[in-house]
Amino acid sequence: MKKTVLVVLGLAALALTSMTPVFADSVPIGGPHRPGHARPPIYLNLTPAAAVSYTPAQIRHAYGFDQVAATGAGQKIAIVDAYGNASIQNDLDMFCSRFGLSSTTVQILGNNTSSDASWAMETALDVEWAHVVAPGATIILSVAGSSSVADLLAAVDAAVNAGATVVSMSWGGPEFAGMSTYDSHFNTPNVTFTASSGDNGAGLEWPAVSPYVLGVGGTSLYLDASYNRTSETAWAGSGGGTSISYSQPAYQNGWQTSGRRGVPDVSYLADPNTGVQIYDAVNGGWFVVGGTSAGAPQWAGLIALVNQLRAGVGAAPLGTANSTIYSLAQRSPATPYAVNSTYFYDVSQGNNGLYDAGPPYDFVTGLGSPLGGALVPALDPAPGPDFSISATPATQSFAPGSSGTASYTVTVTSLQGFAGTVNLSATVQPLVAGATVNPTSISLTSGSSGSSTLAVPIPGTAGAYTIIVTGQAGGITHTATLLLLVQQPITADFSLAVSPSSRNIKAGKYTSYSIAISCVGGFSDTVYVTVSGLPPGASYTKTQIGGGATTSAIAVMTAPGSAGSYTLTVTGSSNGVSGIRSHSANVSLVVR
């Protein structure tokens, strides 16, 4: 995965509100919980150059939003944060300029002149990444005068009164007596509310625990060179568990048997070591961040896409989404229900310190992460005519000096009674001239399909070339992404070193090892790192390292009762333009 080196400035301001790091190379910046107040669950990555960080294009493809014709046009997404960010319009403009997005004017409610460091960063994250998912939606920033529950709820109400159809709340605090009395703020017709589940691992936060709010947990996300998900695991910081106050809502019957409200409902990328990039001038510029704060505004963006489709068929906005989403996620009538893999990626690895992720529903990642290309249209009560586009083979690899063309088959299929002509085109990045599609259009009748041949001249320069095939008919556009690899000479390779050679920890604790990758012969592929020989019940953070001499780390969490001496085999593997490469190193782990 390509990494962007970010210049991180302004950390002095954040230091005033940060706490002791909980995860390697990252720190929470929202400050400690205070009674009667909420804090933003956001993590700042302290070593962004050594981490995997994702761009809007990567996340949109990973979660399937680039397969959805809707942009959120006509919808209003409300971002509710305390104190706000006095530079938010400039921040969004800078963010969009860097990543080639069209910006939009942020509508401000409340006093947005404050520059509270942690809330300013939270506001930048929420606004920028809600816009990534729903670039056509109007963004309302409703600013609370303080982080008190009363002020935040007043900002929620102001957003609803301004016409928001979905409200994102990337903040929270521990459950408290009488919190159900505030549910009327969230039980609003035709408005969906999303909230972060928290970043302290097992345990619940309000307002995500409200049965009228869609609680969003956190994951670690890993992509291949074509931005496709290779794996998604539970993030150890993902808040979750069972409520001390709310009984189990009806929509969770058949999914879990605790008798209490379970959180989260769904999940999304949160790990700051597979984080997202933001621009925040208040704190000094570009940052890599994570936390369940990242998921709530992007789920809000997803709901805005759904509401645009619903408006197109005359249906009301989705409103309280939990019952609809749980019902759609159900694959069969047998209990416990299985998650429908058409709409959700059922995260089944990792834990949050007390609960394990696993099928079907769990208290770390809920139902799982969205497969937006299918989930968004499915939440439209009456999907209109549409078509799908696919191309094979997904990847082709050629030796250095190869000539001729790479050939792919493009297939277009009618959906929901679509009938009409789909026009086809293709682009190659980095640019390769001469790519052709024959025929350039396919005429479909209801239920039919057709195919075309894509020919791409094999480039003379080694590298990974992304091919984007676009099908367009009227206002409907879909794309398929392919990969063409021209390998480096066989001398390209890497070496792997792991340090220290031994670690000694108590059972149930974390430890970490540093990984150093050294490249020779022009090696530039991504190296995927795995670990074997772990103690029973142990887990580790999956790591991928970009080409060039660089370092990273893996964190290993042991389970109680796993005392003993273990030899861990750390393996780095790649399969890109340099061909298949794999190297291993052994280290010792003593668990006492």
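Before reading on, note that the structure itself is shown above.
Below is a summary of the structure that appears in this document.

What to know about the packing of aromatic side chains
Move 1: Evaluated as defined, the whole model comprises 22 aromatic pairs.
Move 2: Relative to Phe 99, the ring of Phe 95 has its centre 5.1 Å away and its plane inclined at 65 degrees; by these criteria the two rings are edge-to-face. Taken together, the positions of Phe 95 and Phe 99, both in helix α3 (residues 88-99) and four residues apart, correspond to about one turn of that helix. There is no split in this pair, since Phe 95 and Phe 99 are both buried.
Move 3: Look at Tyr 251 and Tyr 326: their rings are 5.0 Å apart centre to centre, the planes differ by 35 degrees, and that puts the pair in the tilted class. Within this pair, whereas Tyr 251 is found in the loop between β13 (241-247) and β14 (260-263), its partner Tyr 326 is found in helix α7 (residues 322-329), the two being separated by 75 residues in sequence. Summarising the burial analysis for this pair, Tyr 251 and Tyr 326 share the class buried.
Move 4: An aromatic cluster of at least three residues, connected via ring pairs, comprises Tyr 251, Trp 255, Tyr 326, Tyr 337, Tyr 355, Tyr 361 and Phe 363.
Move 5: The aromatic ring of Trp 286 is capped on one face by Arg 98, whose charged end is 4.2 Å from the ring centroid.
Move 6: A cation sits over an aromatic face here: Arg 229 above Tyr 345, 4.4 Å from the ring centre.

With respect to the side chain of Ser 148
Move 1: Tracing the chain through its elements places Ser 148 in the loop between β6 (138-144) and α5 (149-161).
Move 2: Here Asp 151 takes part through its backbone nitrogen, which lies 3.2 Å from a polar atom of the side chain of Ser 148.

A few points about the sheet that holds strand β33 (residues 539-540)
Move 1: Pairing is antiparallel in the open sheet, where four strands are placed in the order β29-β31-β35-β33. For this open sheet the edge positions go to β29 (493-499) and β33, each flanked by a neighbour on one side alone.
Move 2: For β33 and strand β35 (residues 550-557), the ladder comprises two bridges, and the chain directions are antiparallel. Looking at the pairing, Tyr 540 lines up with Val 556 of β35.

Thoughts on the sheet that holds strand β3 (residues 52-54)
Move 1: If you trace the five strands from one edge of the open sheet to the other, you get β1-β2-β17-β16-β3, paired in mixed fashion. The open sheet has two edge strands, β1 (26-28) and β3, and neither has a second partner. In this sheet, adjacent strand axes meet at a mean angle of 45 degrees when their direction is disregarded.
Move 2: Looking at chain direction, β1 and strand β2 (residues 43-45) are connected through three bridges and run antiparallel. Each residue of the ladder has a partner; that of Pro 28, found in β2, is Tyr 43.

Here we look at α7
Move 1: Here α7 has its buried residues at Asn 322, Ile 325, Tyr 326, Leu 328 and Ala 329. When α7 is viewed along its axis, its buried side chains cluster within an angular range of 165 degrees and face the same direction.
Move 2: Structurally, α7 contributes buried residues whose contacts are with β11 (214-223), β14, β15 (266-269), α6 (295-312), β18 (344-345) and α8 (372-378).

Quick look at α6
Move 1: Along its 18 residues, α6 runs 26 Å from first to last C-alpha, staying within 8% of the 26 Å computed at 1.5 Å per residue.
Move 2: For α6, the tally of buried residues reaches 14 of 18 residues, placing the bulk of the element in the interior.
Move 3: Following α6 by one or two positions, Gly 314 adopts a phi angle in the positive range, close to 80 degrees.

Scoring rules and cut-offs
Residues numbered from 1 in each chain as written. Predicted model: local features only at pLDDT ≥ 70, side-chain atom pairs only at ≥ 80, totals over all residues. Heavy atoms only, no water. Phe/Tyr/Trp six-rings, centres within 6.5 Å; stacked < 30°, edge-to-face > 60°. Helix = DSSP H or I, 4+ residues; strand = E, 2+ residues; numbered from the N terminus. Buried < 20%, exposed > 50% of the residue type's maximum accessible area, 1.4 Å probe, protein only. Lys NZ or Arg CZ within 6 Å of the ring centre and 35° of its normal. Polar contact = N/O pair within 3.5 Å; in protein donor to acceptor, adjacent residues only side chain to side chain. Pairing = 2+ DSSP bridges. Axes fitted to C-alpha atoms, helices over the stretch in contact; angles between N-to-C directions. Arc of directions from axis to C-beta. Contact = heavy atoms within 4.5 Å. Expected span 1.5 Å × (residues − 1).

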